[in-house]
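Geometric and topological summary
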Amino acid sequence: MKREMLLLAATLVLALCFSSCKNEDEIYNPKCKISKIWYRSEIGTPDEIFHYTKKGQLEKIEFINDEAAINVDMAVFAYNKDKTVSEITYTKQDGTVEVISLAYNAKKQTVNKMTYKENGIVMKEVAFTRDAEEGKLTKIEETYEDGLTAKIASGALSRFYIRFCGDEAEMKSTLKATGNTKAMQLTKTIEVVYDSEFENIIETTTSIYKFNFVHKKSFKYDKGNNPYFGLPYFYSDKMNFDLVGFSKNNVSEFTMVSHQGDIQTDSTTSTYTYMYNKKQFPIRIIKTTKQIPVNTYILYKE
């Protein structure tokens with residue numbers, strides 16, 4: 001009887017440890033940390049350089065705007081005591097300051113709110129809804145202020161915004177399709193579906209209710225390690241898709257179908273192939289859309 005009780009206790013401890021690890025996926029600590037990224041060509045100056053503290057925390061990212069690396073914008077990370085990111089501050093050469101603040105669930109180290117500001121003015125708020133059991137995403141609600149909507153319509157978003165808040169392709173295409181590019185407050189909702197193992201997002205449905213637009217995306221994955229996993233504030237890596245930091249593996253195929261009411265307005269499919277290092281992290285990503293390949297090259301910290 002005593003032995004059975006000991007076995008039961010050990011099993012419960014292991015279960016709790018496993019559960020804890022799953023709930024802490026949004027703390028960035030991969031086996032291979034990104035050092036440099038080149039878009040399109042691995043020759044010359046990288047487009048982004050990642051810097052880490054002695055403890056291995058992501059400290060800052062340099063966004064390099066020219067080959068001579070003279071025009072460089074900087075994103076700097078601040079942390080809470082539990083190693084979650086509290087704020088990301090981005091300073092541009094022209095003096096513009098953009099800030100993303102993050103709030104977390106009390107019991108789990110998972111983001112439940114993001115606030116984006118430009119020069120101290122709130123431009124966007126993002127609320128995350130989680131399932132009670134796994135703590136995984138089920139829904140995201142994004143509210144845009146007038147000034148930001150105008151920037152989306154005119155294609156004036158910063159590299160920082162695109163990287164951390166998404167490229168807003170659906171919002172921009174919706175504004176263009178409706179012919180309405182004036183500033184207005186808008187709300188976007190993203191319904192999220194995970195696979196049965198809660199490891200990868202396999203489907204998202206984006207609804208822009210003001211214009212009756214729905215953009216449905218579906219994803220297939222390979223078995224390689226996603227280098228952005230654990231970075232929930234990373235929405236876009238130019239090669240993948242929004243919410244790239246929430247999935248464990250790398251996308252092998254992506255499809256998006258758009259509708260306005262009952263009318264299909266667009267359909268796109270992209271495929272992805274990877275070259276991996278020994279730890280199965282991608283060092284080269286080839287995205288192909290309409291038979292046109294686009295490359296990304298990644299170098300990792302030793």
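Residues numbered from 1 in each chain as written. Predicted model: local features only at pLDDT ≥ 70, side-chain atom pairs only at ≥ 80, totals over all residues. Heavy atoms only, no water.

Structural notes on the overall build of the chain
The following threshold applies: We count a stretch as a helix when DSSP gives it H or I for four or more residues in a row; a strand needs E for two or more, and each element gets its number in order from the N terminus. The cut-offs for exposure are 20% and 50% of the maximum accessible area for each residue type, with area from a 1.4 Å probe on protein chains only; residues under the lower value are buried, those over the upper are exposed, and the others partly exposed. Contact between two residues is taken to exist if any of their heavy atoms lie within 4.5 Å; hydrogens are not considered. The Shrake-Rupley method, run with a 1.4 Å probe, gives the accessible areas here. Residue values count only the displayed protein chains as cover.
In terms of regular secondary structure, the chain is built from 4 helices and 16 strands. Looking at the chain residue by residue over its 302 residues, the buried ones come to 45%. Summarising the internal contacts of the chain: among those between residues at least 6 apart in sequence, 45% fall at separations of at least 24. Accessible surface computed for the chain: about 15,700 Å², of which carbon and sulfur atoms make up 53%.

Points about the environment of Ile61
Structurally, Ile61 is set in strand E3 (residues 58-64). Here the alpha-carbon distance between Ile61 and Tyr90, two residues 29 residues apart in the chain, equals 9.2 Å. With sequence-adjacent residues up to four places away left out, Ile61 is seen in contact with Glu48, Ile49, Phe50, Asp73, Met74, Ala75, Phe77, Phe164 and Phe234.

A closer look at unusual backbone geometry
Of note in the backbone geometry, Asn212 takes a positive phi value of approximately 60° without being a glycine. Take Asn212: it is sitting in the loop between strand E11 (201-208) and strand E12 (213-225). Even without being a glycine, Gln291 presents a positive backbone phi close to 65°. Mapped onto the elements of the fold, Gln291 is located in the loop between strand E15 (282-289) and strand E16 (292-300).

Brief notes about the confidence of the model for the chain
Operational definition: Known as pLDDT, the predictor's per-residue confidence is scaled from 0 to 100.
Per-residue pLDDT for the chain has a mean of 84; in total, 87% of the residues score no lower than 70. Here residues 2-24 is a poorly scored stretch, pLDDT under 50, and it has 8 contacts once near neighbours within four places are set aside; other chains count.

Remarks on the side chain of Asn200
Applicable threshold: For this analysis, a polar contact is any N or O atom pair within 3.5 Å, provided that within protein one partner can donate a hydrogen and the other can accept it, and provided that sequence-adjacent residues contribute only side-chain to side-chain pairs.
Summarising the element assignment, Asn200 is placed in the loop between strand E10 (186-194) and E11. Within the structure, Asn200 has its side chain in polar contact with the backbone nitrogen of Lys248 (distance 2.9 Å). In contact with Asn200, not counting residues within four places along its chain, are Val193, Tyr194, Asp195, Tyr221, Ser247, Lys248 and Asn249.

Some remarks on helix H2 (residues 146-154)
Our working definition: Our arc is simply the arc of the directions from the helix axis toward the C-beta atoms.
For H2, the set of buried residues is Leu148, Thr149, Ile152 and Ala153. Take H2 and look down its axis: the buried residues cluster within an arc of 140°, on one side only. Buried residues along H2 sit in contact with strand E8 (121-130), strand E9 (137-144), helix H3 (159-165), helix H4 (169-178) and E10. With its phi angle positive at about 70°, Gly155 sits one or two positions after the end of H2.

Details of the packing of aromatic side chains
Where we set the bar: A pair of aromatic rings is counted whenever rings of Phe, Tyr or Trp (Trp by its six-membered ring) have centres within 6.5 Å, and the orientation is called stacked for planes under 30 degrees apart, edge-to-face for over 60 and tilted otherwise.
The full count for this structure, using the stated rule, is 11 aromatic pairs. Ring centres of Tyr194 and Phe198 lie 6.5 Å apart, and the angle between their planes is 35°; this geometry places the pair in the tilted category. What makes Tyr194 buried here is its relative accessible area of 10%. Each residue in the set Phe63, Phe77, Tyr90, Phe160 and Phe164 is aromatic and connected to the rest through ring pairs, giving one cluster.

Here's the deal with the environment of Lys136
Mapping Lys136 onto the fold places it in the loop between E8 and E9. Taking relative accessible area as the criterion, Lys136 reaches 7% and is therefore assigned buried. Expressed as a C-alpha distance, the spacing of Lys136 and Ile201, which sit 65 residues apart in the sequence, is 9.7 Å.

Quick notes on the nonpolar core
Soluble globular proteins: nonpolar side chains tend toward being buried together. Applied cut-off: Residue types Ala, Val, Leu, Ile, Met, Phe, Trp, Tyr and Cys, when buried and joined through side-chain atoms within 4.5 Å, form a set referred to as a nonpolar core.
Core analysis: the largest hydrophobic core is formed by 63 residues, its most contacted members being Ile34, Ile61, Ile88, Leu102, Phe164, Tyr233 and Phe234. If near-sequence neighbours (up to four positions away) are discounted, Ile34 is found in contact with Tyr28, Phe50, Tyr52, Pro227, Tyr228, Ile298, Leu299, Tyr300 and Lys301.

Some thoughts on the pattern of salt bridges
For clarity, the threshold we go by: A side-chain nitrogen of Lys or Arg and a carboxyl oxygen of Asp or Glu constitute a salt bridge if their distance falls within 4 Å.
Considering all chains together, one arrives at 9 salt bridges under this definition. The salt bridge partner of Lys216 is Glu203, with a shortest N-O separation of 3.9 Å. Here the residue Lys216 occupies a position in strand E12, and Glu203 occupies one in strand E11, the gap between them amounting to 13 residues. Owing to a relative accessible area of 26%, Glu203 belongs among the partly exposed residues under this scheme.

Focus: the pairing of E3
Cut-off, in case you're wondering: Strand pairing is assigned whenever DSSP identifies at least 2 bridges connecting the two strands.
Within E3, 5 of the 7 residues are buried, which leaves it mostly tucked inside the rest of the structure. Where strand E2 (residues 48-52) and E3 come together, 5 bridges link them in antiparallel fashion. Across the sheet, Tyr52 pairs through a bridge with Leu58, a residue of E3.

Quick word on the packing of H2 against H4
As a reminder, the rule being used: Between N-to-C directions, angles span 0 to 180 degrees; the directions come from axes that are lines fitted to C-alpha atoms, helices contributing only their stretch in contact. Here roughly perpendicular refers to angles of 65 to 115 degrees, roughly parallel to angles under 35, roughly antiparallel to angles over 145, and oblique to all remaining angles. Three categories are distinguished: nonpolar for Ala, Val, Leu, Ile, Met, Phe, Trp, Tyr, Cys and Pro, charged for Asp, Glu, Lys and Arg, and polar for the others, with Gly belonging to the last.
At a closest axis distance of 8 Å, the pairing of H2 and H4 adopts a crossing angle of 80°. Here H4 runs roughly perpendicular to H2, going by the angle between their axes. From H2, Thr149, Ile152 and Ala153 reach across to H4, where they touch Met171, Lys172 and Leu175. When the residues that make up the contact of H2 with H4 are grouped by side-chain class, the tally is 4 nonpolar, 1 polar and 1 charged.

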